[in-house]
Amino acid sequence: MSNPLNTTLLIIGGGPGGYVAAIRAGQLGIPTVLVEGAALGGTCLNIGCIPSKALIHVAEQFHALQGYAGDSPLGIRAQAPELDLARSVAWKDGIVKKLTTGVGALLKKHKVTVVQGWARIVDGKTVDVDPVVKGKAGAPQRIRCEHLLLATGSEPAALPFMPFGGPVISSTEALSPKKLPKSLAIVGAGYIGLELGIVYRKLGVKVDVIEAQERILPVYDADLVKPVHAALKSLGVGLHLQTQVLGLTEDGKGLRVQSGKSESVLPAQQVLVAVGRKPRSRGFGLSSLMLDMDGLAVRVDDRCRTSMNGVWAIGDLTGEPMLAHRAMAQGECVAEQIAGHTRRFMPAAIPAVCFTDPEVVTAGMSPQQAAQAGIDAIDASFPLAANGRAMTLESTDGFVRVVARRDNHLILGWQAVGRGVSEFAAAFGQSIEMGARLEDVGHTIHAHPTQGEAIQEAALRALGQALHV
């Protein structure tokens, strides 16, 4: 074993939470070592958020051109498009490489020491790393620290009776296809399954989605889901709700499912299992610390502290919501505390986006959540069908909804569904975090013509002052 390396902060995991924590620590002058066994950027940059959005864009462009090959109301005519899948995947990979290279440059700029290798926890102050240099394992490196930050992320959850391998794939394989299957069965109608299902369907694959619950996107309220459900039907995606997966057929070319007492087989060259993700808390010696846990997730307080002094945890490792921007914010919070700042991780709202077509974005409380909390709230929606810019973008299916206290009009939550509404997340989060009231948003001049006017109109409608509906 090589000579021990000593540092103030040691971070295990170079995903969004880990690398942001490292950059912020570097800015604050904290000696920092970041250990990452795979590529910098973690799941998000390499096999998650970024590559999926790149393929969504490819699919949208391809699907739009297919529409122009027929009778387009826009008066545009084009020949049927062809897809060079290898080039599409290469373009996606180019974006990933540019971003991950940028992360490496930022870490170097802020004097963070990056150790490429797999960490094994010895104790709360000591970690051994098996370095990986150009694919070959090197001599173990011992690192001692004052503060240990766990940012190991999450991994796809598998079905015990249908493990990954062969025709059964996870989102990782689905994002880097060598060729497109003729048919794809997707187990799980959450955001990962539907985002990828829409991509594959728009690229011409026969897609069936199997969901055990009674509707798609079960974590969202029914009104938000309706436009997405209608769009999936319009695309020709097969939806099998309240249906259980039994396993592959003996020849591996179909998926056995059961709805009620009826059993059937769905043809499927590939099966994408998208039943969620689980914290990556095994395989690196975490159990030796005997931390307080919530199942597979590490339990933390409102400062991201674990039950062991000097050991911190952030991101997907700490459970839901498993969102990159949550991990980033937690990473900053930890770095600033180590620098001596007083910080707590107590956001008023964490926006969440589902990049289906149409998109869904939420922040804060829904009407149902406000009622469950015993809050006397009002809510109002503004349809995108009444928004001029939405009309010019052919994106009138959807709405923006606001939830506020009845007594003082303090905004509690926002929801929206529609094409491009993911960009509303910033405005939604800011208004809640800053303690805005309906009057603040309703009386702020919004640029015309923009889809963002629907935010103002929803606030005005809640005040009984709607202008365009």
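Residues numbered from 1 in each chain as written. Predicted model: local features only at pLDDT ≥ 70, side-chain atom pairs only at ≥ 80, totals over all residues. Heavy atoms only, no water.

The name an unreviewed UniProt entry gives the protein is Dihydrolipoyl dehydrogenase, with Castellaniella ginsengisoli as the organism. Under the UniProt heading Sequence similarities (unreviewed entry), the note attached to the protein is "Belongs to the class-I pyridine nucleotide-disulfide oxidoreductase family." Under the Catalytic activity (unreviewed entry) heading, UniProt states for the protein: "N(6)-[(R)-dihydrolipoyl]-L-lysyl-[protein] + NAD(+) = N(6)-[(R)-lipoyl]-L-lysyl-[protein] + NADH + H(+)". (UniProt positions renumbered as here; feature names shortened; annotations may be inferred.)

This next bit is on the UniProt feature "domain: Pyridine nucleotide-disulphide oxidoreductase dimerisation" (unreviewed entry) in the protein. Mapped onto this structure's residue numbering, the UniProt feature "domain: Pyridine nucleotide-disulphide oxidoreductase dimerisation" (unreviewed entry) falls at residues 350-459. Taken end to end, residues 350-459 is 29% helix and 28% strand, and its first and last C-alpha atoms sit 20 Å apart. (Helix = DSSP H or I, 4+ residues; strand = E, 2+ residues; numbered from the N terminus.)

Under the defined criterion, the tally for this structure stands at two aromatic pairs. Linked through ring pairs, Trp414, Phe424 and Phe428 together constitute an aromatic cluster. (Phe/Tyr/Trp six-rings, centres within 6.5 Å; stacked < 30°, edge-to-face > 60°.)

Let's shift gears to the nonpolar core. Judged by nonpolar contacts, the single largest core of 38 residues is most densely connected at Val209, Ile216, Tyr220, Leu232 and Leu272. Among the elements of the structure, helix 3 (49-68), strand 9 (183-187), helix 6 (191-202), strand 10 (206-211), helix 7 (222-235) and strand 20 (352-354) are those that each provide at least two residues to this core. Here the element with the most residues in this core is helix 6; it accounts for six residues. Counting residues in hydrophobic clusters, the runner-up holds 29 residues, among them Ile378, Ala380, Val400 and Ala425. (Core = buried A, V, L, I, M, F, W, Y, C linked by side-chain atoms within 4.5 Å. Buried < 20%, exposed > 50% of the residue type's maximum accessible area, 1.4 Å probe, protein only.)

Moving on, we get to the sheet that holds strand 14 (residues 262-267). Across the sheet, three strands lie side by side as 12-13-14; this open sheet has antiparallel pairing. The open sheet terminates on both sides in strands that have one partner only, identified here as strand 12 (244-248) and strand 14. In this sheet, adjacent strand axes meet at a mean angle of 30° when their direction is disregarded. Two elements, strand 12 and strand 13 (residues 254-259), share four bridges in a ladder whose sense is antiparallel. (Pairing = 2+ DSSP bridges. Axes fitted to C-alpha atoms, helices over the stretch in contact; angles between N-to-C directions.)

A cis amide bond, omega 5°, links Asp357 with the succeeding residue Pro358. The residue after His448, namely Pro449, is reached through a cis peptide bond having omega -5°. If you trace the backbone, Pro449 turns up in the loop between helix 12 (438-442) and helix 13 (453-462). Here Gln242, not a glycine, exhibits a phi torsion of approximately 50°, which is positive. Assignment of secondary structure puts Gln242 in the loop between strand 11 (238-241) and strand 12. The exposed category is assigned to Gln242, whose relative accessible area is 52%.

What follows deals with the UniProt feature "binding site: NAD(+)" (unreviewed entry) in the protein. According to UniProt, the feature "binding site: NAD(+)" (unreviewed entry) maps to Gly188, Ala189, Gly190, Tyr191, Ile192, Gly193, Leu194, Glu195, Glu211 and Gly276 in the numbering used here. Spanning 89 residues, the named residues form one tight spatial group whose C-alpha atoms are at most 14.5 Å apart. For Gly193, the location among the structural elements is in helix 6. You can call Gly193 buried: its relative accessible area is 0%. Apart from the residues lying within four places of it in its own chain, the contact partners of Gly193 are Ile186, Gly188 and Ala274. Here Glu195 lies in helix 6. (Contact = heavy atoms within 4.5 Å.)

With 12 residues, helix 6 ought to run about 16 Å at 1.5 Å a step, and its terminal C-alpha atoms sit 16 Å apart, in line with that. Most of helix 6 is tucked away: 10 of the 12 residues are buried. Taken residue by residue, helix 6 has Ile192, Gly193, Leu194, Glu195, Leu196, Gly197, Ile198, Val199, Tyr200 and Lys202 as its buried positions. (Expected span 1.5 Å × (residues − 1).)

For strand 9, the buried fraction is high: five of the five residues fall into the buried class. The side-chain alternation of strand 9 yields two buried faces, one formed by Ser183, Ala185 and Val187 and the other by Leu184 and Ile186. Here strand 9 runs beside strand 10; their pairing, made up of five bridges, is parallel. Paired with Ser183 across the bridge in strand 10 is Lys206. Taken together, strand 9, helix 6 and strand 10 form a β-α-β motif whose crossover is right-handed. Inspection of the sheet shows strand 9 paired to strand 15 (residues 270-273) by four bridges, in the parallel sense. Opposite Ala185, over in strand 15, you have Val271 as the bridge partner. (Right-handed = clockwise from strand over helix to strand, strands pointing away.)

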